[in-house]
Amino acid sequence: LSDATIAQRVAKVKEAGANYIAISSFYTNPGCGNALTYLTKWVTAARAEGLKVWFRLSDLSFEGDYSTTKARDPDGARHMKTMSDWIIANKTLFAADDIFTPQPEPQNGGISGINSCGSLCQFTSASDFNNWLRQATLTAKLSLQAADVTNVKVGYWGFDGFITWGNDNPDHIGTSKIEAKTVEFMDNLITIDHYNSAESMAIDLDQARTQWPSADLCIGEWGTIDQTTPAAREAAVIDRFTAFNRSYIKCVNYWHLGPDGTNEPLINSDNTNKAHFDEVKDFFTGVR
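Residues numbered from 1 in each chain as written. Predicted model: local features only at pLDDT ≥ 70, side-chain atom pairs only at ≥ 80, totals over all residues. Heavy atoms only, no water.

A. A look at the overall build of the protein chain. The helix and strand tally for the protein chain stands at 10 helices and 7 strands. Taken over the C-alpha trace, the protein chain has a radius of gyration of 19 Å; the compact-globule value for 288 residues is 19 Å, and the two agree within 12%. Its C-alpha atoms put the protein chain at 45 × 45 × 35 Å along the principal axes. With 288 residues in all, the protein chain has 48% of them scored as buried. Considering only contacts within the protein chain whose residues lie at least 6 apart along the sequence, 70% involve residues at least 24 apart. Approximately 12500 Å² of the protein chain is accessible, and the part contributed by carbon and sulfur atoms is 50%. (Helix = DSSP H or I, 4+ residues; strand = E, 2+ residues; numbered from the N terminus. Rg over C-alpha atoms; globule rule 2.2 N^0.38 Å. Buried < 20%, exposed > 50% of the residue type's maximum accessible area, 1.4 Å probe, protein only. Contact = heavy atoms within 4.5 Å. Areas by Shrake-Rupley, 256 points an atom, 1.4 Å probe, with all protein chains shown as cover.)

B. Structural detail: the pairing of strand 5 (residues 189-193). Where burial is concerned, most of strand 5 is hidden: 5 out of the 5 residues are buried. Alternating residues of strand 5 divide into Leu189, Thr191 and Asp193 and Ile190 and Ile192, and every residue in both groups is buried. Direction of pairing for strand 5 relative to strand 6 (residues 216-222): parallel, over a ladder of 5 bridges. By the bridge assignment for strand 6, Asp193 is matched with Glu221. (Pairing = 2+ DSSP bridges.)

C. Region of interest: the side chain of Thr164. Structurally, Thr164 is set in helix 6 (residues 161-165). Take Thr164: its relative accessible area is 0%, and that puts it in the buried class. A distance of 2.8 Å separates a polar atom in the side chain of Thr164 from the backbone oxygen of Asp160. With near-sequence residues (within four places) excluded, Thr164 lies in contact with Phe159, Thr175, Ser176, Ile178, Ile190, Ile192, Gln211 and Trp212. (Polar contact = N/O pair within 3.5 Å; in protein donor to acceptor, adjacent residues only side chain to side chain.)

D. Structural detail: the sheet that holds strand 3 (residues 99-101). The 4 strands are arranged 1-2-3-4 in an open sheet whose pairing can be described as parallel. Where the open sheet ends on each side, the last strands, each with one partner, are strand 1 (20-26) and strand 4 (153-154). Of the pairings in the sheet, the one linking strand 2 (residues 52-58) to strand 3 comprises 3 bridges and is parallel in character. Across the sheet, Arg56 pairs through a bridge with Thr101, a residue of strand 3. On the sheet, helix 2 (residues 35-48) packs against strand 1 and strand 2 and is oriented at approximately 175° with respect to strand 1. (Axes fitted to C-alpha atoms, helices over the stretch in contact; angles between N-to-C directions.)

E. Structural context of helix 10 (residues 277-284). Regarding helix 10, the residues found buried are Phe277, Glu279, Val280, Asp282 and Phe283. The inward-facing, buried residues of helix 10 contact helix 1 (3-15), helix 9 (230-244) and strand 7 (249-254). Gly286 occupies a position one or two residues after helix 10 and carries a positive phi of about 80°.

F. Focus on the environment of Thr182. Positionally, Thr182 belongs in helix 7 (residues 180-185). When the C-alpha positions of Thr182 and Ala71 are compared, they lie 24 Å apart, and in sequence the two are 111 residues distant. Those residues in contact with Thr182 that sit more than four places away from it in its chain are Asn130, Leu133 and Arg134. Within the local environment of Thr182, its side chain forms a polar contact with the side chain of Arg134, the two groups lying 2.8 Å apart.

Structure below.
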């Protein structure tokens, strides 16, 4: 996209009442272009609108994105050196109160005996998964400190409901693959990317709260992925965002702005608002 189009899109995020924009990118370049150059365009536009940035950075080989070979230990430290080097090299991108996620949805790399691994498992066990989460969190914080970057939040991983409280699985419901020590490393905040296809959002959040009664929750992703009509999307936003209005829900990220051919985007290709834009805006601006 051109700089002008990116500026228009980011202005829509501001219009929706958000105070952060979540931007996904990669530590290294996919075959289709320069990830850092493109990310910088979006960050520049976000700063012009007074928005904080939620960096959701991925290693291409963690899941095998953009035809990259999936690898468990590509940099001698299971992706951590790649992350650390990127933070230090690009410290000027950050601002106070930004969020940095070292690897969104890390469970998707595969945990042996827990979920699907594909060509290989990034993690040998739930314990290995938790050790890596804590190490990655600490490495990111130390790298930011070494780069003289302060007041950036680290974590906000984007776990799914199964990892967090055994959602939708009768053999696992009421159990978590996340350890209490890991939650402490995450500043007692658990982020879930949760689209709740099987039960109501309110029920799911109550189950998560029962599992983690002392932790706060963040909704890392939710969008109208399953709603196929404008009226259904409006109703879904009202229903889910009403459920999000709980004291322990500390942040909500609508996923995603768009536009594309799916059911989630808030805007059309001509930059006009879709019907459910106003419902999202009402939530972010405190009207609803």
